[in-house]
Amino acid sequence: MIRVVIPSQLESYTDHVREVELALPATAQGLRLADVVAGLDAAYPGMAFRIVDEQQHIRRHIAIFVGEQMVRTLDAPVPDDARVQIVGALSGG
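Nothing here was measured: the structure is a model prediction, and the numbers come from that model.

*Asks:* Looking at this model, I keep getting lost on the side chain of Arg59. Mind explaining?
*Replies:* Along the polypeptide, Arg59 turns up in the loop between helix 2 (47-51) and strand 3 (62-66). Among buried Asp, Glu, Lys and Arg side chains, Arg59 stands out as unpaired, with Glu54 the closest opposite charge at 4.2 Å. Each residue touching Arg59, except ones within four places of it in the same chain, is listed here: Phe49, Arg50, Ile51, Val52, Asp53, Glu54 and Arg72.

*Asks:* What's the story with the pattern of salt bridges in this structure? I'm lost.
*Replies:* Close approach of charged atoms lets side chains of opposite charge pair. Evaluation of the coordinates by the stated rule reveals three salt bridges. A salt bridge links Arg3 to Glu19, with the nearest nitrogen and oxygen atoms 3.7 Å apart. With a gap of 16 residues between them, Arg3 in strand 1 (residues 2-5) and Glu19 in strand 2 (residues 19-22) connect regions that are remote in the sequence. Taking the relative accessible area as the measure of exposure, Arg3 reaches 32% and is therefore partly exposed. Judged by its relative accessible area of 35%, Glu19 falls in the partly exposed class.

Calculation notes
Residue numbers run consecutively from 1 along every chain, following the written order of its sequence. Where totals are concerned, whole chains, interfaces and linings use all residues; where local detail is concerned, this predicted model gives features only for residues with pLDDT of at least 70, and gives and counts side-chain atom pairs only at 80 or more. Hydrogens and water are ignored here; the side-chain numbers use all heavy atoms of the structure. Comment: elements are numbered from the N terminus, with helices defined as DSSP H or I runs of at least four residues and strands as E runs of at least two. Relative accessible area decides the class of each residue, using a 1.4 Å probe on protein chains only: under 20% of the type maximum gives buried, over 50% gives exposed, and in between gives partly exposed. When charges are counted, Lys and Arg are positive and Asp and Glu negative, with His and the chain ends excluded. Salt bridge, as applied in this entry: a Lys or Arg side-chain nitrogen positioned within 4 Å of an Asp or Glu carboxyl oxygen. Whether two residues are in contact is decided by their heavy atoms: any pair within 4.5 Å suffices.

Next comes the structure, spelled out in structure tokens:
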């Protein structure tokens with residue numbers, strides 16, 4: 001079971017739930033961050049577009065942590081019992 005921490009900017013997709021659990025089927029290569037994003041989008045349609053751009057890269061204003069490690073690619077491995085945290089950048093002047 002993958003636990004995903006949702007940033008406040010995306011809470012509207014999850015009915016304001018800050019942490020969701022995803023049961024994702026393991027693949028022969030293991031889970032990747034792309035699988036987690038796809039699982040989020042299946043459960044909460046439209047969420048992937050807010051996380052990933054049209055070229056399938058993590059958007060510049062989004063940081064994603066798998067456990068304690070910040071990752072910048074959708075190919076990053078995700079252990080079966082991982083905690084994935086999505087962080088949206090704040091801006092201002």
